[in-house]
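Analysis of the macromolecular model
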Amino acid sequence: MPFAVRVLCLASVTVLGVATVSVADDDWSVVPSAGGGIQDGRPYFYAEGAPGTVLQDTVSVRNPGGKPLTVRLRGADADNGADGTPSVRARAKDTGAWITFAERTVRIPARTRADVPFTVSVPANTAPGDHPGAILASARGRTAAVRIQLRVGGPTLPALTVEHVRIHDDRISYELVNRGTTVLTPKLAVRAEGLFGEVLDRAPRTLPVELLPGRRVRLDEPWPDPPPLDGVDVELTVTAEGGARAEAAAEAWFVPKAAVVTGALAGLAVCAGGALWCVRRVRRARRVRGVRGARLRGRPGPGPVADARQPRTEVESTGAVM
């Protein structure tokens with residue numbers, strides 16, 4: 001039967017050949033399915049086509065439980081969480097918005113499977129590259145997902161940058177940005193140079209993240225044993241398939257906490273001593289100005305003071321009376 005006709009029909013329901021055993025009612029799943037209701041074991045959907053293409057496939061929802069199941073299907077755009085974990089966007093604007101199901105709400109009897117055809121209509125003005133999405137199935141308060149890896153034909157560009165590198169006491173934090181048009185699985189190499197030579201050299205290793213086009217993630221590289229006293233230059237090198245490469249660097253000083261406390265106390269002692277010296281100088285200056293002011297006003301001071309500007313006259317006593 002042509003697919004254009006199948007999408008107008010209700011989703012086919014196929015009885016599963018399973019034994020009658022006690023199975024949890026919420027133990028249902030959503031997986032890719034081949035045409036004719038046969039599961040093909042694919043971990044996710046992969047589709048490729050030029051802009052303007054209409055792609056088609058089938059999703060299978062399995063209900064091994066003993067009660068009927070009502071499932072609601074919808075498309076979503078794949079996304080990265082802030083720490084790189086896979087997630088989906090709250091509102092579909094890309095692949096998720098291009099998905100159309102033969103039936104969005106499916107009721108599945110106990111111990112059966114429903115195979116639901118769907119199409120992905122790629123707009124004619126879509127940019128070439130990877131457009132990851134997902135099919136979400138919701139039932140009984142739980143949502144399950146199966147990925148869609150969609151690549152639109154045309155020139156692709158793998159590119160990334162490393163930004164905002166920070167060195168902490170026990171780790172190195174940084175941000176990765178996918179500035180290309182393909183999904184990247186980056187590799188990270190770390191090297192650190194101290195005042196007296198190399199203190200860290202880690203060979204490239206694959207990071208546990210699939211970085212989607214246009215996404216930014218914040219990651220941490222553990223460094224539990226940095227040098228206790230040193231100034232270091234840290235350099236991060238990130239590579240990915242297709243020739244993507246980026247580098248970034250940061251500087252930091254590692255000083256023991258005891259030395260910091262001792263230096264702070266010494267600084268406080270110097271400041272306190274300087275302040276006390278200044279106070280004493282001010283008080284001494286005030287006393288000197290007070291004494292001089294009293295003498296200039298003719299007030300008795302602490303003792304006789306001769307005026308050096310007046311000539312001294314000495315009178316000799318002779319006993320004569322005049």
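Residues numbered from 1 in each chain as written. Predicted model: local features only at pLDDT ≥ 70, side-chain atom pairs only at ≥ 80, totals over all residues. Heavy atoms only, no water.

**Let's talk about the sheet that holds strand S13 (residues 160-167)**
The sheet built from three strands is open, its strands ordered S13-S14-S17 with antiparallel pairing. At either end of the open sheet lies a strand with only one pairing partner, and these are S13 and strand S17 (216-222). Across this sheet, the average inter-strand angle for adjacent strands is 25°, counted without regard to direction. When S13 meets strand S14 (residues 171-178), the two strands line up antiparallel, connected through six bridges. Residue pairing across strands places Glu 163 opposite Glu 175, the latter belonging to S14. (Pairing = 2+ DSSP bridges. Helix = DSSP H or I, 4+ residues; strand = E, 2+ residues; numbered from the N terminus. Axes fitted to C-alpha atoms, helices over the stretch in contact; angles between N-to-C directions.)

**Quick look at the packing of aromatic side chains**
All chains considered together, the criterion is met by three aromatic pairs. On the basis of an interplanar angle of 50° and a centroid distance of 6.0 Å, the ring pair of Phe 101 and Phe 118 is categorised as tilted. With Phe 101 in strand S7 (residues 99-101) and Phe 118 in strand S9 (residues 112-121), this pair connects stretches of sequence that are 17 residues apart. Residue classification places Phe 101 among the buried residues on the basis of a relative accessible area of 8%. (Phe/Tyr/Trp six-rings, centres within 6.5 Å; stacked < 30°, edge-to-face > 60°. Buried < 20%, exposed > 50% of the residue type's maximum accessible area, 1.4 Å probe, protein only.)

**Thoughts on a nonpolar patch on the surface**
Together, Leu 195, Phe 196, Leu 229, Trp 253 and Val 255 make up an exposed nonpolar region whose accessible area comes to about 670 Å². With respect to the helices, strands and loops of the structure, Leu 195 is situated in the loop between strand S15 (187-194) and strand S16 (197-206). (Patch = residues over 30% accessible without salt bridge, like charges linked within 9 Å, V, L, I, M, F, W, Y side chains within 5 Å. Areas by Shrake-Rupley, 256 points an atom, 1.4 Å probe, with all protein chains shown as cover. Salt bridge = Lys/Arg side-chain N within 4 Å of Asp/Glu carboxyl O.)

**Observations regarding the sheet that holds strand S19 (residues 244-254)**
In spatial order, the strands read S16-S15-S18-S19; together these four strands make up an open sheet with antiparallel pairing. Both outer strands of the open sheet, S16 and S19, are each paired with one neighbouring strand and no more. The sheet shows a mean angle of 10° between the axes of neighbouring strands, direction not considered. Where S15 and strand S18 (residues 230-240) come together, seven bridges link them in antiparallel fashion. Following the sheet pairing, Ala 189 is matched in S18 by Thr 237.

**Quick notes on the environment of Thr 95**
Here Thr 95 lies in the loop between strand S6 (86-88) and S7. Through-space distance from the C-alpha of Thr 95 to that of Gly 133 is 5.4 Å; in sequence the pair is 38 residues apart. Engagement of the side chain of Thr 95 in a polar contact is seen with the backbone oxygen of His 131, the distance being 2.7 Å. (Polar contact = N/O pair within 3.5 Å; in protein donor to acceptor, adjacent residues only side chain to side chain.)

**Details of unusual backbone geometry**
The phi angle at Arg 111 is positive, at roughly 55°, despite the residue not being glycine. Relative to the helices and strands, Arg 111 is located in the loop between strand S8 (105-108) and S9. The exposure class assigned to Arg 111 is partly exposed, which follows from its relative accessible area of 27%. Positive phi, normally seen in glycine, also occurs at Arg 140, with a value near 55°. Structurally, the position occupied by Arg 140 is in the loop between strand S11 (133-139) and strand S12 (142-152). Residue classification places Arg 140 among the partly exposed residues on the basis of a relative accessible area of 38%.

**Comments concerning the pairing of S14**
A regular strand places its side chains so that they alternate between the two faces of the sheet. Across the eight residues of S14, seven count as buried, placing the element largely inside the fold. Linkage of S13 to S14, two consecutive antiparallel strands, is achieved through a turn of three residues. Here S14 runs beside S17; their pairing, made up of seven bridges, is antiparallel. Bridging across to S17, Ile 172 finds its partner in Glu 221.

**Some remarks on the pairing of S19**
In S19, alternate side chains face the same way, and those of Ala 244, Ala 246, Ala 248, Ala 250, Ala 252 and Phe 254 are buried while those of Arg 245, Glu 247, Ala 249, Glu 251 and Trp 253 on the opposite face are not. Both S18 and S19 contribute to a ladder of 11 bridges, which runs antiparallel. Looking at the pairing, Gly 231 lines up with Trp 253 of S19. Hairpin connection between S18 and S19: a loop of three residues separates the two successive antiparallel strands, and Gly 242 in this loop has a positive phi of roughly 90°.

**Overview of the pattern of salt bridges**
Here the structure, examined in full by the defined rule, presents 16 salt bridges. With a shortest N-O distance of 2.7 Å, Glu 221 and Arg 202 are connected by a salt bridge. With Glu 221 in strand S17 and Arg 202 in strand S16, this pair connects stretches of sequence that are 19 residues apart. A residue is classified by how much of its surface remains accessible, and Glu 221, at 3% relative accessible area, is buried. Residues joined by salt bridges that share partners form a network here, namely Glu 163, Glu 175, Arg 179 and Arg 216.

**A look at the side chain of Thr 126**
Mapped onto the fold, Thr 126 is located in the loop between S9 and strand S10 (129-130). Its relative accessible area of 9% is what places Thr 126 among the buried residues. Of the polar contacts made by the side chain of Thr 126, one reaches the backbone oxygen of Pro 123; its length is 2.8 Å. In this view, Thr 126 contacts Pro 51, Trp 98, His 131 and Val 152; residues no more than four positions away in its chain are not counted. (Contact = heavy atoms within 4.5 Å.)

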